[in-house]
2 protein chains.
Amino acid sequence: MNFEEKTLKSQDIFSGRIIKVKVDTVSLPDGRESTREIVEHAGAVAIVAVDDVNNIYLVRQYRKPVENVLLEIPAGTMEPDEEIIVCAQRELEEETGLRAGSWEKILSYYSAPGFCDEKLHLFLARNLTTGEKNPDADEFLENISIPLEEAYRMIFTGQIVDGKSIIGIQYAFNHLVRG
Amino acid sequence: MNFEEKTLKSQDIFSGRIIKVKVDTVSLPDGRESTREIVEHAGAVAIVAVDDVNNIYLVRQYRKPVENVLLEIPAGTMEPDEEIIVCAQRELEEETGLRAGSWEKILSYYSAPGFCDEKLHLFLARNLTTGEKNPDADEFLENISIPLEEAYRMIFTGQIVDGKSIIGIQYAFNHLVRG
């Protein structure tokens, strides 16, 4: 079965600093028409940074859309034409002041493919050393590091509620703690 | 440290069927001002449906924002005033034709809290029996079921790239396969 939805018309709604929004009119597989509301995003990286005794580095940050302080793995939006791994190294150092001697790609995924094209690239960073913290001008962060087992438990107690962090912590727990 | 960002002004940009978009002007912790682009979403449920021999049920569906057919766990948007568990039961049956004798809440999380308030509620559904498939009018789905171990591998080969599915499959693999 061919599921593809051909674009009949595309209407630009909004163009901001972080997202663009458009409404596409599409032809469905049965020939009828529908509309798709689409949020466009440049993509992002997120870093599972784990030290030699299996502590994971997290950032605490106010997230306006959910009106709450969330505990998340370090992450950031891609700059235009930036290489993914370069972006990951930059964001880890900016947000935590850490550099990593070992970088491993975990996976890439879509955060909300029903209405948004944001693709996230997850990395495992190990052999951590101290670099220079330098967050964005409108970013206010607190850094913590906790045992990976504790971070894993916090997924199920509702203390860690951010999608990329849950994916990354599940991965690290499976590969570094359970082995 | 108080991270809260107070809303100084809120501008409505778009109000669609699935999302609303607004731009808030906020005061930062250091007193300066910035803007936050915010996508509002009613929230959604997603269901990890696993049968008695550890096969997981997935749906294959075209996702216009990423212009691709994705393999995902069954999911759907909450209706106004709908109870979360009722929504999960409705969506599982609509998308797969399955009912479940056992429902267990896994966790709730935010898919993209940097710019969107969408909250997803994940359930584990077991003791599956046959109900009545009835997808939405603009939804075209193919159902498959595969061993949980295979779904877990497909996360790391790039064959499953949807965030909620990656979280749910990692959970089910850890609890039902590895135990």
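Caption draft 1: Just the domain arrangement of chain A, in detail. Split by domain assignment, chain A resolves into domain 1 (6-40) and domain 2 (42-178). Contacts between domain 1 of chain A and domain 2 of chain A engage five residues on the former and four residues on the latter.

Caption draft 2: Here's a closer look at the nonpolar core. Counting residues in each nonpolar core, the largest one holds 87 residues, and the members touching the most others are Ile47(A), Ala49(A), Ile47(B) and Ala49(B). If sequence neighbours within four positions are ignored, Ile47(B) has contacts with Ile73(B), Pro74(B), Ala75(B), Ala88(B), Glu91(B), Leu92(B), Phe123(B) and Ala125(B).

Caption draft 3: Structural context of the interface of chain B and chain A. Contact residues are listed per partner, giving 53 residues for chain B and 53 residues for chain A. Of all the secondary structure elements, the ones that give two or more residues to the side of chain B that touches chain A are β1 (6-15), β2 (19-27), β3 (33-41), β5 (55-63), β6 (68-72), β8 (98-110), α2 (148-156) and α3 (163-178) of chain B. The residue inventory of the side of chain B that touches chain A, partitioned by class, reads 31 nonpolar, nine polar and 13 charged.

Caption draft 4: Region of interest: the relation of the copies chain B and chain A. After a rotation of 180° and a shift along the axis of 0.0 Å, chain B superposes on chain A with an RMSD of 0.0 Å. Seen this way, the second copy is the image of the first under a two-fold rotation axis. Interface overlap between copies is the fraction of interface residues in one copy that are interface residues in the other; for chain B against chain A it reaches 100%, indicating a shared surface.

Caption draft 5: The confidence of the model for chain A, seen in detail. Of the residues in chain A, 99% reach a pLDDT of 70 or more, and the chain-wide mean stands at 96. Both confidence scores are given for the complex: pTM 0.97, ipTM 0.97.

Caption draft 6: Main features of the environment of Arg178(B). Residues and elements named next belong to chain B. Looking at the secondary structure, you find Arg 178 in helix α3. Judged by C-beta crowding, with 10 C-beta atoms within 10 Å, Arg 178 ranks as exposed. Separated by 29 residues in sequence, Arg 178 and Glu 149 place their C-alpha atoms 9.7 Å apart.

Caption draft 7: Just the packing of helix α3 (residues 163-178) of chain A against α3(B), in detail. Packing of α3(A) against α3(B) brings their axes to within 10 Å, and their N-to-C directions diverge by 30°. In terms of orientation, α3(A) lies roughly parallel with respect to α3(B). Crossing angle aside, the handedness with which α3(A) passes α3(B) is left-handed. Residues Gly163(A), Ile166(A), Ile167(A), Gln170(A) and Asn174(A) of α3(A) pack against Gly163(B), Ile166(B), Ile167(B), Gln170(B) and Asn174(B) of α3(B). Grouping the constituent residues of the contact of α3(A) with α3(B) by class yields four nonpolar, six polar and no charged.

Caption draft 8: Examining the sheet that holds β5(B) more closely. Residue and element names in this part refer to chain B. In spatial order, the strands read β6-β5-β10; together these three strands make up an open sheet with antiparallel pairing. Lying at the two open borders of the sheet, with one neighbouring strand each, are β6 and β10 (141-147). Across the sheet, the mean angle separating the axes of adjacent strands is 25° when strand polarity is ignored. The pairing of β5 with β10 spans seven bridges and is antiparallel. Considered in β10, the bridge of Ile 56 is made with Ile 146. Running at roughly 110° to β10, α2 makes contact with β5 and β10 of the sheet.

Caption draft 9: Seen up close, the sheet that holds strand β1 (residues 6-15) of chain A. All names here are of chain A. Taken together, the three strands give an open sheet; going across it, the order is β1-β2-β3, and neighbouring strands pair in antiparallel fashion. Edge positions in the sheet fall to β1 and β3 (33-41), since each has one partner strand and no second. Neighbouring strand axes in the sheet, compared pairwise and without regard to direction, differ in orientation by 20° on average. Pairing of β1 with strand β2 (residues 19-27), which is carried by eight bridges, proceeds in the antiparallel orientation. Bridge pairing links Thr 7 to Val 26 in β2.

What counts, and at which threshold
- Residues numbered from 1 in each chain as written.
- Chains lettered and ligands numbered in written order.
- Predicted model: local features only at pLDDT ≥ 70, side-chain atom pairs only at ≥ 80, totals over all residues.
- Domains from an automatic or database assignment.
- Contact = placed C-beta atoms within 7 Å.
- Core = buried A, V, L, I, M, F, W, Y, C linked by C-beta atoms within 7 Å.
- Buried ≥ 20, exposed ≤ 12 C-beta atoms within 10 Å, placed from the backbone.
- Helix = DSSP H or I, 4+ residues; strand = E, 2+ residues; numbered from the N terminus.
- Nonpolar A, V, L, I, M, F, W, Y, C, P; charged D, E, K, R; others polar.
- Least-squares fit on C-alpha atoms with pLDDT ≥ 70 in both.
- pLDDT = per-residue confidence, 0-100.
- Axes fitted to C-alpha atoms, helices over the stretch in contact; angles between N-to-C directions.
- Parallel < 35°, antiparallel > 145°, perpendicular 65-115°, else oblique.
- Left-handed = near helix turned anticlockwise from the far one by under 90°.
- Pairing = 2+ DSSP bridges.

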